[in-house]
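# What the coordinates show
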Amino acid sequence: MSFTIDELYDALRQHPTEDIPATVIEAAMEIRNLHVFVQPTLNPPERSKSVWDGCAMILARHSDEELNPHLYRLLEWLQDPNWPGARTIEARLLDMDRKYLQSSLEYSLRQARKLDDDEWLYWLTEFQQEYDARHAE
């Protein structure tokens, strides 16, 4: 069964993450342009965060290689751990291979400093410490 992206968003908004129908998940996994799941902005914008949990769950199912082009945007999700999907994205990134994550994390840290975004810098630093502890060789 195929869905348009708007139909997928509607399905994600209508179901709690743990109850998203398998047909919706399967259709979402067929979409190759993963940017549509990275904190999408819907119309009207106040609907946007209602799909972020489901989008994060779908993104978390993808491989490191598939997520690689989107890492900086995924790390932006860590700006606020209270945002829907933030903990799911964080957990997925903590499992990612260092060869993919390292340069995007360094870039994100530089951006947070450049933007004077102390909250994002704090959460990125916390993430980096946990990542390093998990991946100590």
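The preceding data block contains the structure.
Residues numbered from 1 in each chain as written. Predicted model: local features only at pLDDT ≥ 70, side-chain atom pairs only at ≥ 80, totals over all residues. Heavy atoms only, no water.

## A look at the overall build of the protein
Across its full length, the protein holds eight helices and zero strands. Helices and strands in the protein line up, N terminus first, as α-α-α-α-α-α-α-α. Taken against the 2.2 N^0.38 rule, which gives 14 Å for 137 residues, the C-alpha radius of gyration of the protein at 15 Å falls within 12% of a compact globule. Counting only C-alpha atoms and orienting by the principal axes, one finds that the protein spans roughly 45 × 30 × 25 Å. When contacts within the protein are restricted to residue pairs at least 6 apart in sequence, long-range pairs at least 24 apart make up 67% of them. Looking at charge distribution, the protein has the averaged site of its 14 positive side-chain charges lying 3 Å from that of its 26 negative ones. (Helix = DSSP H or I, 4+ residues; strand = E, 2+ residues; numbered from the N terminus. Rg over C-alpha atoms; globule rule 2.2 N^0.38 Å. Contact = heavy atoms within 4.5 Å. Lys, Arg positive; Asp, Glu negative; His and termini not counted. Charge placed at Lys NZ, Arg CZ, Asp CG, Glu CD.)

## Quick look at the pattern of salt bridges
What the rule picks out here adds up to nine salt bridges. Two residues, glutamate 76 and arginine 73, come together in a salt bridge whose shortest N-O distance is 3.0 Å. Of this pair, glutamate 76 and arginine 73 both sit in helix α5 (residues 71–76), separated by three residues, roughly a single helical turn. Residue arginine 87 pairs with glutamate 90 through a salt bridge whose shortest N-O separation is 2.9 Å. Placement of the pair is arginine 87 and glutamate 90 together in helix α6 (residues 86–94), with a separation of three residues, close to one helical turn. Classification of glutamate 90 as buried rests on a relative accessible area of 14%. (Salt bridge = Lys/Arg side-chain N within 4 Å of Asp/Glu carboxyl O. Buried < 20%, exposed > 50% of the residue type's maximum accessible area, 1.4 Å probe, protein only.)

## Quick word on empty space enclosed by the protein
Summed over all chains, the structure comprises one cavity of 30 Å³ or more. Contributing to the lining of the largest cavity are Leu78, Pro81, Ala86, Arg87, Glu90, Trp123, Glu126 and Phe127. Here the lining of the largest cavity is built from residues that sort into five nonpolar, no polar and three charged. (1 Å grid on protein atoms, 1.4 Å probe; cavity = no way out; pocket = protein on both sides within 12 Å on 5 of 7 lines; lining within 4 Å. Points joined across faces, edges and corners; volume = space filled by probe spheres on them. Nonpolar A, V, L, I, M, F, W, Y, C, P; charged D, E, K, R; others polar.)

## Regarding the side chain of glutamine 39
Tracing the chain through its elements places glutamine 39 in the loop between α2 (22–29) and α3 (52–60). Setting aside residues up to four positions removed in sequence, glutamine 39 forms contacts with Trp52, Arg73, Trp77 and Trp83.

## Digging into the environment of arginine 32
With respect to the helices, strands and loops of the structure, arginine 32 is situated in the loop between α2 and α3. Sequence separation between arginine 32 and glutamate 66 is 34 residues; the distance between their C-alpha atoms is 8.4 Å. Beyond its immediate chain neighbours, meaning those up to four positions away, arginine 32 contacts His62 and Glu66.

## Comments concerning the side chain of glutamate 76
Residue glutamate 76 is classed as buried on the basis of its relative accessible area, which comes to 17%. A polar contact of 3.0 Å, which involves the side chain of glutamate 76, links it to the side chain of arginine 73. (Polar contact = N/O pair within 3.5 Å; in protein donor to acceptor, adjacent residues only side chain to side chain.)

## Brief notes about α3
Across the nine residues that make up α3, a large majority, seven, are buried. Burial in α3 covers these residues: Trp52, Gly54, Cys55, Ala56, Met57, Ile58 and Leu59. Where the residues of α3 are buried, they touch α1 (5–14), α2, α4 (64–67), α5 and α6.

## With respect to the nonpolar core
Ranked by internal contacts, the top residues of the largest apolar core, which has 43 residues, are Phe37, Leu59, Leu74, Trp77, Leu93, Leu101 and Phe127. Counting residues per element, the ones that place at least two in this core are α1, α2, α3, α5, α6, α7 (98–114) and α8 (118–134). Examining the composition of this core, we find that six residues originate from one element, α3, more than from any other. (Core = buried A, V, L, I, M, F, W, Y, C linked by side-chain atoms within 4.5 Å.)

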